[in-house]
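Letter by letter, the chains look like this.
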Amino acid sequence: MDEFERKQKRVSLSLGFDRISQLPQHIIHYILFLMPTKDAARTSALSKSWFEAWKSLPKFCFEFKGLLINGGDLHKSVDEILLPLQHHKAIIPRFKLSVTLCHDKYTSRIDNWLELANRNHVQSLDLDIRSMDNVKGYALPQTTFGVESLTVLSLKGKNFKLDRNYFSYNMKPICLRELSLDRVDVDSLTIRKILKCCPLLEALTITFCTKVERVELVNVPKLKMAKVYGVQKLRIEAPNLEKLNCRGYMKKLTSGSIACNNVKEIDIASFYLTKKLIREFDSKFPLLETLHLGIFFDRKEFKFSSHRLKSLSMSSTTENLTTVEIDCENLTSFKYFGSSAPSSFSINSSCLNNVENRFHVLRDHVDTFWFLTLGQYLGKFKAQHQTLQLWFDSSTTISFTSEELSKDQLPPLSSLENLVIEMLPTMQDYTAILDGLLCICHPTLLSTFPDFTGEKFTKFLCQTLVNREEEPKCCGESDMKCWRHYLISGALPTGQIYIKKNILLEWSL
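What comes next is a walk through the structure. In this text the structure is predicted, and so the values were computed from the model without any measurement.

Looking now at the sheet that holds strand E9 (residues 214-217). Strand order in the open sheet formed by three strands is E9-E11-E13, and the pairing between neighbours is parallel. Since the sheet does not close on itself, it has two edges, and those belong to E9 and strand E13 (258-259), each with one partner. Inspection of the sheet shows strand E11 (residues 233-237) paired to E13 by two bridges, in the parallel sense. Bridge assignment links Ile 236 to a residue of E13, and that residue is Ile 258.

Pasting the structure below:
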């Protein structure tokens, strides 16, 4: 080394030359391994060498599933796979564990696996841990909530416990963006504490946690999606919430319970919706575009109005709902699921394009008047795409007599795109069900499921619709002609799916 080089070296040292960045990458990786995850991540800003070293850390996604049982091999294989994490730094984008605990001694094993994941910049943690009846259960380590890299946490399982003592109102914020709790042993107070510590939370799911009777979504400024099932009381004040999905236990949901004026999609069922809340939907949720309402209560009439709503679906388990009035000028899609069609129905929309009706008929007897009411209901829709699905209870008897009807009583024929008969009781003669339905609608496609409707009904349809008489003589000289006189052709399309039988129909009227 000449005199000039020695002087340059002394100058570099006097100026604080970054010699540590010149270390080999495997040495830098070892240094990162010894550092806390947060500090290790910060080293990427020191220099290009440190940035490249951080970026070149190995990335592993892990997924394990099985029984933790005496004599089993699962715990051994997991230990072996995770062994490199004990000696080398890595980044874990996703760690998923789905196991059943058959003995308490394996809880410490799970703790060790989670500790390794937490030390290696785990970003998404998905735990489904169930316990046999003789096992106390599993409690999530408190340190898990302090992992700063963790943004997605999903917990599920019988006897999976979250201790309320883990959380305090004064603890530092948690970086979670998504949290899901499914059938977890947690109470309402713990939920409240968790939400207090998660100011960045954007998506929350709480489903069937039996000790959670009340959920309050307040002070959650970033929350965009909430799914809450199995609670008795619900209070929401979430200014940025866009999607709400909730199922309750027949408790009252009032106008003051929900304040989220930016919500675009709502799905509510098993709550008693007060008339005031339904009346104020348009003003409370001015951006609402998609709405599903499960009307599981004893209400005779339902009136709803919205100027922005585009998609509306309703479900009702009671036949007491006899009057439905819908006034939604921009509605494009409507779905109704129930046990019978409302006897009085009106819908006002100039944009309606898709209609789907599905009825699970529970009554003992279906007669001519039932078909007439269904036809009048279907005639209210003026949409290009209409589907009707029917499921008859196995004990239901069906009769239809066209002689009971006059021309004035017949409703306008409904042009269905698809008529689907999903389930039928076993009968000696299926003429009544076919006559009743084809008297009120002329579908382009008629579909059945032989496994549920029976092969006998399928053969009857093929014989009646496909191999029909060219000039039917059933109606004689009567002015009222049955559907057989308007059917041009019936055909079985090629490529039929075994579980579903389709018949294409062409009509003259």
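Now that the structure is up, let's keep going.
Another aspect to go through is the environment of Leu 331. Of note, Leu 331 is situated in the loop between strand E18 (323-327) and strand E19 (333-338). Along the sequence, Leu 331 and Arg 308 sit 23 residues apart, while their C-alpha atoms lie 7.7 Å from each other. If we ignore the near neighbours within four places in the chain, the residues touching Leu 331 are Leu 309, Lys 310, Ser 311, Leu 312, Ile 326, Ile 347, Ser 349, Cys 351 and Leu 352.

A word on the pattern of salt bridges. Overall, the coordinates contain 16 salt bridges when judged by the stated rule. Asp 126 serves as the salt-bridge partner of Arg 94, at 3.4 Å between the closest nitrogen and oxygen. Note that Arg 94 is positioned in strand E2 (residues 91-101) and Asp 126 in strand E3 (residues 124-131), a separation of 32 residues in sequence. On the basis of relative accessibility, which here comes to 18%, the residue Asp 126 falls in the buried class. Residue Lys 276 pairs with Glu 280 through a salt bridge whose shortest N-O separation is 2.8 Å. One salt-bridge network, in which partners are shared between bridges, spans Arg 214, Glu 216, Arg 235 and Glu 237.

Here Leu 253 shows up in strand E12 (residues 243-253). According to the relative accessible area criterion, Leu 253 is buried, its value standing at 0%. Spatially, the C-alpha atoms of Leu 253 and Ser 270 are 9.8 Å apart, while their sequence positions differ by 17 residues. In this structure Leu 253 touches Leu 234, Ile 258, Ile 268, Phe 271, Tyr 272, Leu 273, Thr 274 and Leu 277, once residues within four positions along its chain are discounted.

Now for the nonpolar core. Counting 139 residues, the largest nonpolar core has Phe 95, Ile 110, Phe 302, Ile 326, Phe 334, Ile 433 and Leu 465 as the members making the most contacts within it. If we ignore the near neighbours within four places in the chain, the residues touching Ile 326 are Phe 302, Phe 304, Leu 312, Met 314, Leu 331, Phe 334, Ser 346, Ile 347 and Asn 348.

Criteria and cut-off values
Residues numbered from 1 in each chain as written. Predicted model: local features only at pLDDT ≥ 70, side-chain atom pairs only at ≥ 80, totals over all residues. Heavy atoms only, no water. Pairing = 2+ DSSP bridges. Helix = DSSP H or I, 4+ residues; strand = E, 2+ residues; numbered from the N terminus. Contact = heavy atoms within 4.5 Å. Salt bridge = Lys/Arg side-chain N within 4 Å of Asp/Glu carboxyl O. Buried < 20%, exposed > 50% of the residue type's maximum accessible area, 1.4 Å probe, protein only. Core = buried A, V, L, I, M, F, W, Y, C linked by side-chain atoms within 4.5 Å.

In short, the description is geometric, and any link to function would need to be established separately.
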